[in-house]
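Chains, contacts and geometry: an overview
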Amino acid sequence: DVTLERVRAFVFHPFRESIQGKTPKEILKTEVLRWHPDKFDAIIGPKVLDDDWEKTKEAAGLVARWLTTLM
């Protein structure tokens, strides 16, 4: 399940090199842009099997909403 707690744990995980030296606000801004539905569809969509697309898009939408909540 994509929950607020799981998204928070992933985004702020200390082993993620991309967050080193950034503030929580900077991290969330980067992640909101990364998970934005239009960008996600354009970049990730072509890499997902057609049969899996709806579930993948739904999960990505949940991540995007949780990230917005965290801001």
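Notes on the structure follow.

Focus on the overall build of the protein chain
Secondary structure assignment for the protein chain yields 4 helices and 0 strands. Viewed in the frame of its principal axes, the protein chain has a C-alpha envelope of about 40 × 20 × 20 Å. Within the protein chain, the proportion of its 71 residues that are buried is 25%. Long-range pairs, those at least 24 residues apart, make up 51% of the contacts in the protein chain between residues at least 6 apart in sequence. Put simply, the protein chain shows about 5400 Å² of open surface, and 59% of that area lies on carbon and sulfur atoms. Positive and negative side-chain charges of the protein chain, numbering 12 and 12 respectively, have mean locations separated by a distance of 8 Å.

Overview of the packing of aromatic side chains
Following the criterion strictly, the structure yields 2 aromatic pairs and no others. Arranged with centres 5.6 Å apart and planes meeting at 15 degrees, the rings of Trp-35 and Phe-40 form a pair that is stacked. For the ring pair Phe-40 and Trp-53, a centre distance of 6.3 Å and an interplane angle of 15 degrees mean the geometry is stacked. Of this pair, Phe-40 sits in helix α3 (residues 37-43) while Trp-53 sits in helix α4 (residues 53-70), and the two are 13 residues apart along the sequence. Trp-53 matches Phe-40 in its accessibility class, with the two residues each being buried. One residue, Arg-16, lies across the ring of Phe-10, its end atom 4.7 Å from the ring centre.

Quick look at the pattern of salt bridges
Per the counting criterion, the structure on display carries 3 salt bridges. For Arg-16, the salt bridge identified is with Glu-31, shortest N-O distance 2.8 Å. With Arg-16 in the loop between α1 (4-11) and α2 (24-34) and Glu-31 in helix α2, this pair connects stretches of sequence that are 15 residues apart. Residue classification places Arg-16 among the buried positions, given a relative accessible area of 14%. The class of Glu-31 is buried, set by a relative accessible area of 2%. Through salt bridges with shared partners, a single network forms among Arg-16, Glu-31 and Arg-34.

Analysis parameters
- Residues numbered from 1 in each chain as written.
- Predicted model: local features only at pLDDT ≥ 70, side-chain atom pairs only at ≥ 80, totals over all residues.
- Heavy atoms only, no water.
- Helix = DSSP H or I, 4+ residues; strand = E, 2+ residues; numbered from the N terminus.
- Buried < 20%, exposed > 50% of the residue type's maximum accessible area, 1.4 Å probe, protein only.
- Contact = heavy atoms within 4.5 Å.
- Areas by Shrake-Rupley, 256 points an atom, 1.4 Å probe, with all protein chains shown as cover.
- Lys, Arg positive; Asp, Glu negative; His and termini not counted.
- Charge placed at Lys NZ, Arg CZ, Asp CG, Glu CD.
- Phe/Tyr/Trp six-rings, centres within 6.5 Å; stacked < 30°, edge-to-face > 60°.
- Lys NZ or Arg CZ within 6 Å of the ring centre and 35° of its normal.
- Salt bridge = Lys/Arg side-chain N within 4 Å of Asp/Glu carboxyl O.

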